[in-house]
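Below are the chains, spelled out letter by letter.
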Amino acid sequence: MVFAFGMVSMTTSAFAASDITGGINLVNSIDGADGAETEFLSPVVFYDSYFMLGSKFGIGTGVGFIYSETNDDEFAWAWTYPENNRNAGNYIMPVYLSGKLYMGSNPSMQPYAKLNLGYAFWWADDQVDIPDDRSSYDDGTEGGFYFGLALGLKVGILTFELDYSTFTGDIYGNYRYSGYSYYYEADVDFNFLSIRAGFSF
């Protein structure tokens with residue numbers, strides 16, 4: 001879903017607008033250190049606020065929420081039991097700068113493109129962070145640089161978007177196993193392709 005509201009600025013050509021979009025990820029790809037997980041259908045919600053410079057181009061900020069669930073027996077840890085990481089939840093919150101460009105001359109049906117650049121925060125369920133057969137005393141996940149590109153169509157107040165987004169996170173852990181201390185760290189690449197719908201005005 002997308003909701004937006006406008007406020008008239010001190011000039012006649014610039015105004016503020018906000019969008020909320022919601023939808024589903026059609027394709028999720030999570031490339032971990034020891035394999036790749038793919039899954040189908042997970043929710044996404046995004047909120048964008050723009051300062052429109054005329055009727056065609058706007059710059060602003062946005063925040064989103066993406067939920068993704070692992071669907072593979074191995075994720076990040078090299079020596080984990082098969083059941084540990086299946087169906088573990090990943091909670092991703094991108095915060096970004098955004099540019100939006102409307103194309104076409106028909107105000108009732110306008111295609112547009114959006115570019116988002118920022119940082120994605122990432123939190124994960126314990127079974128992603130900590131293998132059951134280890135004693136961990138410092139472990140976690142970190143987010144990373146976020147990139148998003150969307151193509152959409154505004155029909156009246158309705159919007160429809162196809163969005164690609166990606167970021168690279170980091171998983172790490174200090175743990176003890178068989179009396180020895182170890183440190184583990186690996187990059188994890190997330191890629192999402194989603195469809196969204198909502199309102200914009």
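Residues numbered from 1 in each chain as written. Predicted model: local features only at pLDDT ≥ 70, side-chain atom pairs only at ≥ 80, totals over all residues. Heavy atoms only, no water.

Student: So, the overall build of the chain: which residues are in play, and what are the values?
Tutor: Helix and strand counts for the chain stand at 1 helix and 11 strands. Traced from its N-terminal end to its C-terminal end, the chain shows the element sequence β-β-β-β-β-β-β-α-β-β-β-β. Per-residue burial over the chain gives 44% buried out of 201 residues. The contacts in the chain between residues at least 6 apart in sequence include a share of 65% that link residues at least 24 apart. Element-wise, carbon and sulfur atoms account for 66% of the exposed surface of the chain, whose accessible area totals about 9,800 Å². (Helix = DSSP H or I, 4+ residues; strand = E, 2+ residues; numbered from the N terminus. Buried < 20%, exposed > 50% of the residue type's maximum accessible area, 1.4 Å probe, protein only. Contact = heavy atoms within 4.5 Å. Areas by Shrake-Rupley, 256 points an atom, 1.4 Å probe, with all protein chains shown as cover.)

Student: I'd like a description of the confidence of the model for the chain, backed by residues and values.
Tutor: Per-residue pLDDT for the chain averages 77, and the proportion of residues at 70 or more is 70%. For the chain, per-element mean pLDDT is lowest for strand β1 (residues 7-8), which scores 34, and highest for strand β9 (residues 144-155), which scores 96. Below a pLDDT of 50 lies the segment residues 1-12, which in the model reaches 34 contacts outside its immediate sequence neighbourhood of four places, other chains included. Per-residue pLDDT stays below 50 along residues 76-85; that stretch engages in 33 contacts with residues further than four places along the chain or on separate chains. (pLDDT = per-residue confidence, 0-100.)

Student: Pulling in residues and values, what's your account of the nonpolar core?
Tutor: Counting residues in hydrophobic clusters, the biggest one holds 17 residues, and the most contacted among them are I92, W122, F167 and F190. If you list the elements that add at least two residues to this core, you get β4 (43-53), β6 (89-102), β7 (109-124), β10 (158-177) and β11 (180-200). Sorting elements by how many residues they give to this core places β11 first, with 5 residues. Excluding residues that lie within four positions of it along the chain, F167 makes contacts with I92, A120, W122, G143, G144, F145, Y146, V188, D189, F190 and F192. If you look at the next biggest cluster of nonpolar residues, it comprises 5 residues, including Y50, M52, Y102 and Y112. (Core = buried A, V, L, I, M, F, W, Y, C linked by side-chain atoms within 4.5 Å.)

Student: Requested: an account of a negative patch on the surface, with residues and values cited.
Tutor: A surface patch of like charges, here negative, comprises E142, E185, D187 and D189. For the negative patch, the element with the most residues is β11, which contributes 3 residues. Looking at where D187 falls in the secondary structure, it is placed in strand β11. By relative accessible area, D187 is classed as exposed at 52%. (Patch = residues over 30% accessible without salt bridge, like charges linked within 9 Å, V, L, I, M, F, W, Y side chains within 5 Å. Salt bridge = Lys/Arg side-chain N within 4 Å of Asp/Glu carboxyl O. Lys, Arg positive; Asp, Glu negative; His and termini not counted. Charge placed at Lys NZ, Arg CZ, Asp CG, Glu CD.)

Student: Let's hear about the side chain of N191: which residues, and what values?
Tutor: Positionally, N191 belongs in strand β11. A polar side-chain atom of N191 sits 2.7 Å from a polar atom in the side chain of Y164. A polar contact of 2.9 Å, which involves the side chain of N191, links it to the side chain of T166. (Polar contact = N/O pair within 3.5 Å; in protein donor to acceptor, adjacent residues only side chain to side chain.)

Student: Mind laying out the packing of aromatic side chains, listing which residues take part and the relevant values?
Tutor: Applying the stated rule across the entire model yields 9 aromatic pairs. Ring geometry for W122 and F190: centres 5.0 Å apart, planes at 70°, overall edge-to-face. With W122 in strand β7 and F190 in strand β11, this residue pair connects regions lying 68 residues apart in the sequence. Across the pair, exposure class does not vary: W122 and F190 are buried alike. Through a chain of ring-to-ring contacts, the aromatic side chains of W122, F167, F190 and F192 assemble into a single cluster. Between K100 and the ring centre of Y112, over which it is positioned, the NZ or CZ distance is 4.6 Å. Over the aromatic face of F46 sits the side chain of R196, whose NZ or CZ is 3.8 Å from the ring centroid. (Phe/Tyr/Trp six-rings, centres within 6.5 Å; stacked < 30°, edge-to-face > 60°. Lys NZ or Arg CZ within 6 Å of the ring centre and 35° of its normal.)

Student: Got a sec to walk through the pattern of salt bridges? Specific residues and values, please.
Tutor: Oppositely charged side chains can pair when the atoms bearing their charge come close. Counting across every chain of the model gives 5 salt bridges. Residues D19 and K100 are paired through a salt bridge, measuring 2.8 Å at the closest nitrogen-oxygen approach. Remark: K100 occurs in strand β6 and D19 occurs in strand β2 (residues 14-32); sequence separation between them is 81 residues. Comparing D19 with K100, the two get one shared label, buried. With a closest N to O distance of 3.0 Å, D163 and R196 form a salt bridge. On the criterion of sequence distance, the pair formed by D163 in strand β10 and R196 in strand β11 is long-range, its members being 33 residues apart. Here the two residues D163 and R196 agree in accessibility, since each one is buried. Because the salt bridges share partners, they merge into one network encompassing D48, K114, E161, D163 and R196.

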